[in-house]
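Listed below, chain by chain, are the residues.
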Amino acid sequence: MARLTEQPIDTEELLQQVRTPAAGAVVLFLGTVREFTRGEQTVALDYEGFAPMALAEMERIEAEARAKWELKELSVVHRLGHLELGEASVAVAVSSAHRAAAFEAGQFVIDELKVRVPIWKKENWADGRTEWVHP
Amino acid sequence: MPAPDSIRPVPVDVQLFALAKELTGQALIQVAVTGEPVTIGSLRKSLVLQFPQLAPLEKRLLFAVGTQYATDDTVIDGRQSVACFPPVSGG
């Protein structure tokens, strides 16, 4: 399941979505707002997304992960809007019968999300400047 | 004699995001695109001529038709929903 939200990500809810007696492994990845990037200090991030395409792309990534690995459940959520230091911007939860599939699929989903899903972050630097991040 | 359709510019509405939106100050722009056929590649060229603020991003701009990435070869007719944005940085 793929979702966008402007509210704080509820990791407990996400874990409940993927927990099942059929699974022997649950992996949760969180991407969080980091204070320092290459020595520059961040106070907050603003995320903007092209929502319909971001969701479609997240669903395509989920389908690819399910085709590559034998997964029980997969849930991915990205937050949009204004985030303070330490808050989670993205979460991926995966369950599988054995741990290898859940670890590998979780890594695949976050790696693909970062290069494909149309969402952008804007740095709010400690000195007051703002800057769109475009790798 | 009227000009053939192929050289008449096609108006294409383009949704902009992130830095592309900030540089133009607009979330939705209309670009007159000429080409035979009209493609994302010809849109890219017309876009930076008509919105020179976007020229520094020209080579790196990404395009989508509907909710799918498009390439410079993708043919458009002005009726689809087109989006244009810089490289993504989510996560």
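Values in this document were obtained by computation on a predicted structure and should not be read as measured data. (Residues numbered from 1 in each chain as written. Chains lettered and ligands numbered in written order. Predicted model: local features only at pLDDT ≥ 70, side-chain atom pairs only at ≥ 80, totals over all residues. Heavy atoms only, no water.)

**Regarding the overall build of chain A**
Moving on, step 1. Scanning chain A from terminus to terminus reveals 3 helices and 9 strands.
Moving on, step 2. Scanning chain A from its N terminus toward the C terminus, one meets helices and strands in the order β-α-β-β-β-α-β-β-β-α-β-β.
Moving on, step 3. For 135 residues, the compact-globule formula gives about 14 Å, and the C-alpha radius of gyration of chain A, at 15 Å, lands near that figure.
Moving on, step 4. Along the three orthogonal principal directions, the C-alpha set of chain A runs to about 50 × 25 × 25 Å.
Moving on, step 5. Here chain A holds 135 residues, and 49% of them are scored as buried.
Moving on, step 6. Contacts in chain A between residues far apart in sequence, at least 24 positions, make up 74% of those at least 6 positions apart.
Moving on, step 7. When the accessible area of chain A is evaluated, it comes to approximately 6,700 Å², of which 51% is carbon and sulfur surface.
Moving on, step 8. For chain A, the distance from the average position of its 15 positive side-chain charges to the average position of its 22 negative side-chain charges is 4 Å. (Helix = DSSP H or I, 4+ residues; strand = E, 2+ residues; numbered from the N terminus. Rg over C-alpha atoms; globule rule 2.2 N^0.38 Å. Buried < 20%, exposed > 50% of the residue type's maximum accessible area, 1.4 Å probe, protein only. Contact = heavy atoms within 4.5 Å. Areas by Shrake-Rupley, 256 points an atom, 1.4 Å probe, with all protein chains shown as cover. Lys, Arg positive; Asp, Glu negative; His and termini not counted. Charge placed at Lys NZ, Arg CZ, Asp CG, Glu CD.)

**Considering the sheet that holds strand β4 (residues 68-70) of chain B**
Residue and element names in this part refer to chain B.
Moving on, step 1. Judged by pairing direction, the sheet is mixed, and its 5 strands sit side by side in the order β2-β1-β5-β3-β4 without closing on themselves. Edge positions in the sheet fall to β2 (28-33) and β4, since each has one partner strand and no second. Adjacent strand axes in the sheet meet at a mean angle of 40°, parallel and antiparallel pairs treated alike.
Moving on, step 2. Direction of pairing for strand β3 (residues 62-65) relative to strand β5 (residues 82-85): antiparallel, over a ladder of 4 bridges. (Pairing = 2+ DSSP bridges. Axes fitted to C-alpha atoms, helices over the stretch in contact; angles between N-to-C directions.)

**Here we look at the pattern of salt bridges**
Moving on, step 1. Tallying each qualifying case throughout the model produces 13 salt bridges over all chains.
Moving on, step 2. Ionic pairing is found between Arg116 of chain A and Glu112 of chain A, a salt bridge with its closest N-O pair at 2.9 Å. Here Arg116 of chain A pairs with Glu112 of chain A, and both are found in helix α3 (residues 99-116), just 4 residues apart, close to one helical turn.
Moving on, step 3. The closest approach of N and O atoms between Asp72 of chain B and Arg44 of chain B, which form a salt bridge, is 2.9 Å. Linking Asp72 of chain B in the loop between β4 and β5 with Arg44 of chain B in helix α2 (residues 40-50), this pair joins segments that are 28 residues apart in sequence.
Moving on, step 4. A relative accessible area of 13% places Arg44 of chain B in the buried class. (Salt bridge = Lys/Arg side-chain N within 4 Å of Asp/Glu carboxyl O.)

**Overview of the nonpolar core**
The tendency in soluble globular proteins is for nonpolar side chains to be buried as a group.
Moving on, step 1. Judged by nonpolar contacts, the single largest core of 29 residues is most densely connected at Leu71, Val76, Val109 and Leu113 of chain A.
Moving on, step 2. Within the residue set of this core, elements represented by two or more residues are β1 (2-5), β2 (25-32), β4 (40-49), α2 (51-68), β5 (71-79), β7 (88-96) and α3 of chain A.
Moving on, step 3. Those residues in contact with Leu71 of chain A that lie beyond four places of it in its chain are Ala65, Arg66, Val94, Ser95, Ser96, Ala101 and Ala105 of chain A.
Moving on, step 4. Within the second largest apolar cluster, 22 residues are counted, among which are Val38, Phe51, Leu57 and Ile76 of chain B. (Core = buried A, V, L, I, M, F, W, Y, C linked by side-chain atoms within 4.5 Å.)

**Regarding the interface of chain A and chain B**
Moving on, step 1. Tallying the contact residues gives 26 residues for chain A and 20 residues for chain B.
Moving on, step 2. When chain A packs against chain B, close to 1,900 Å² is buried across both sides, 56% of that on carbon and sulfur atoms.
Moving on, step 3. Together, Phe50, Trp120 and His134 of chain A form the three largest contributors to the area buried by chain A at its contact with chain B, with a combined 30%.
Moving on, step 4. Applying the counting rule to chain A against chain B returns 2 salt bridges.
Moving on, step 5. Lys21 of chain B is the salt-bridge partner of Glu48 of chain A, the closest N and O atoms lying 3.3 Å from each other.
Moving on, step 6. Across the chain A-chain B interface, the total number found is 16 residue pairs in polar contact (both at pLDDT 80 or more). (Buried area = accessible area lost by both parts, 1.4 Å probe. Polar contact = N/O pair within 3.5 Å; in protein donor to acceptor, adjacent residues only side chain to side chain.)

**So, the sheet that holds β1 of chain A**
All names here are of chain A.
Moving on, step 1. The strand order across the open sheet formed by 4 strands is β1-β5-β7-β2, and the pairing between neighbours is mixed. Unpaired on one side and paired on the other, β1 and β2 mark the two borders of the sheet. The sheet shows a mean angle of 10° between the axes of neighbouring strands, taken without regard to direction.
Moving on, step 2. Note: β1 against β5, 4 bridges, orientation parallel. From the neighbouring strand, Ala2 faces β5, where its bridge partner is Val76.

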